[in-house]
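Report on the structure
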Amino acid sequence: MDELIQLVKETKSIALDSKSAHNVSVKGLADFVTKVDTAIQEFMRSRLKDMYPDIQFMSEEKDNNDIDHTGKVWILDPIDGTTNLIHDFKMSAVSLGLVDNGVPVMGIVYNPFTDELFSARRGEGAYLNGAPIHVTSASNLSESLVIVGTSPYRKDLADVNFDIIKRLYIASEDIRRGGSAALDLCYLACGRAEGFFERNLKPWDYAAGVAILREAGGCVTDFAGNEPSYRVPSDILASNGIIHEEMKKIINE
Ligand code: 2AM
Ligand code: CA
């Protein structure tokens, strides 16, 4: 864990290179890639290959068709929260998960702008900069802060999503929008909020965050309550565990 944490922290100088952050290409609707994304991916790919030659490598800005998901797979998002990065919003993260035969067994999520590093290994608890973290014990939505996702690359679903957001807003204390699913999950893990949902996320947006939130005592499923996929996109519902059913009911109303 220590050497992986050191490795992820080494991405800081790449992430904070503002010239590269503003070198942007468009992949699709509200979907961007910058020189920072590709540089961090290349740095991590090469270092992980040297350190762990037998573990496969899945990452957002590459073709992942040849991956055998019955084995061990690194799942990297070189920058989660690329839109935030482009806007200097300082809410982006390098997200590295390890999934073994469909089970997330390790996660590291690092925000280079705040120097907050979340980490967890299955069965060993979750940590923020080395100190143990845990979800809150809020017992219902009315005393919960809920982080929402807007799925900006699916504007055709705006009515459906904003109907859910409105219902959650009315039932909860208030809502927030972070813009990095990996950090959103970690904010639940360390007790800054109680719930999170976003439709149609990709495995690299949540693989590491799932490992961290579960070790912090939280719960992550898809909207139906099932295990998310680590091969194809999933709708993600996350909570402190206690308000999970209440959120699930409102999302599926
Ligand atoms: P990204 O910054 O790595 O692209 C914001 O709504 C969240 O959705 C972020 O975690 C963002 O990750 C993710 N996201 C952005 N575009 C996406 C797309 N086309 N498909 C799935 N997830 C996406
Ligand atoms: Ca990304």
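Shown above is the structure to which this text applies.
Residues numbered from 1 in each chain as written. Chains lettered and ligands numbered in written order. Predicted model: local features only at pLDDT ≥ 70, side-chain atom pairs only at ≥ 80, totals over all residues. Heavy atoms only, no water.

In this section: the packing of aromatic side chains. The geometry of an aromatic ring pair is captured by two quantities: the separation of the ring centres and the angle between the planes. Taken as a whole and assessed by the stated rule, the structure comprises 3 aromatic pairs. Seen from their ring centres, Phe 197 and Phe 223 are 5.9 Å apart, and the 50° between their planes marks the pair as tilted. With Phe 197 in strand β12 (residues 195-201) and Phe 223 in the loop between β13 (219-221) and β14 (234-239), this pair connects stretches of sequence that are 26 residues apart. Judged on exposure class, the residue Phe 197 and its partner Phe 223 are both buried. A cation over a ring is seen here: Arg 192 above Tyr 187, with NZ or CZ 4.6 Å from the ring centre. (Phe/Tyr/Trp six-rings, centres within 6.5 Å; stacked < 30°, edge-to-face > 60°. Helix = DSSP H or I, 4+ residues; strand = E, 2+ residues; numbered from the N terminus. Buried < 20%, exposed > 50% of the residue type's maximum accessible area, 1.4 Å probe, protein only. Lys NZ or Arg CZ within 6 Å of the ring centre and 35° of its normal.)

In the vicinity of ligand 1 there are 18 residues, among which Asp 77, Asp 80, Gly 81, Thr 82 and Glu 198 approach most closely. Between an oxygen atom of ligand 1 and a side-chain N or O atom of Glu 198, the distance comes to 2.6 Å. At 3.3 Å, a side-chain N or O of Lys 202 approaches a nitrogen atom of ligand 1. Relative to its unbound accessible surface of 480 Å², ligand 1 loses 93% to contact with the protein. Its residues placed into classes, the shell around ligand 1 shows 5 nonpolar, 5 polar and 8 charged. Residue-level mapping places the shell around ligand 1 at the junction of two domains, with at least three residues from each of domain 1 (2-133) and domain 2 (141-251). (Near = heavy atom within 4 Å. Polar contact = N/O pair within 3.5 Å; in protein donor to acceptor, adjacent residues only side chain to side chain. Areas by Shrake-Rupley, 256 points an atom, 1.4 Å probe, with all protein chains shown as cover. Nonpolar A, V, L, I, M, F, W, Y, C, P; charged D, E, K, R; others polar. Domains from an automatic or database assignment.)

Within this structure, the stated rule accounts for 12 salt bridges. Among the ionic pairs, Glu 10 bridges to Arg 47, the shortest N-O distance being 3.1 Å. Here Arg 47 lies in helix α4 (residues 35-51) and Glu 10 lies in the loop between α1 (2-9) and α2 (12-15), a separation of 37 residues in the sequence. Judged by its relative accessible area of 28%, Arg 47 falls in the partly exposed class. A salt bridge links Arg 167 to Glu 253; the shortest N-O distance between them is 3.2 Å. Note that Arg 167 is positioned in helix α6 (residues 158-171) and Glu 253 in the segment after α9 (244-251), a separation of 86 residues in sequence. (Salt bridge = Lys/Arg side-chain N within 4 Å of Asp/Glu carboxyl O.)

With that settled, consider the sheet that holds β12. Note: strands within a sheet are paired through backbone hydrogen bonds, in either parallel or antiparallel orientation. Sheet architecture is open: 5 strands sit in the order β11-β10-β12-β14-β13, paired in mixed fashion. Edge strands, defined here as strands with exactly one partner in the open sheet, are β11 (174-176) and β13. Direction aside, neighbouring strands of the sheet carry axes that sit 20° apart on average. Relative to β14, β12 runs antiparallel, the two sharing 5 bridges. Bridge pairing in β14 links Leu 201 to Ser 234. Strands in contact with α6 are β10 (145-148), β11 and β12; relative to β12, the strand with the most contacts, it is inclined by about 175°. (Pairing = 2+ DSSP bridges. Axes fitted to C-alpha atoms, helices over the stretch in contact; angles between N-to-C directions. Contact = heavy atoms within 4.5 Å.)

Turning to the sheet that holds strand β4 (residues 72-80), a few remarks are in order. Here we have 7 strands laid out as an open sheet, ordered β3-β4-β5-β6-β7-β8-β9, and mixed in their pairing. Because the sheet does not close on itself, it has two edges, and the strands there are β3 (56-59) and β9 (131-133). Sheet twist, expressed as the mean angle between neighbouring strand axes with direction ignored, is 25°. Judged from the 7 bridges that link them, β4 and strand β5 (residues 93-100) form a sheet pairing that is antiparallel. Across the sheet, residue Ile 75 finds its bridge partner in β5, namely Gly 97. Its contacts with the sheet place α1 against β4, β5, β6 (103-111) and β7 (116-121), and it is angled at close to 40° to β6.

Read these as layout, nothing more, since geometry by itself doesn't imply function.
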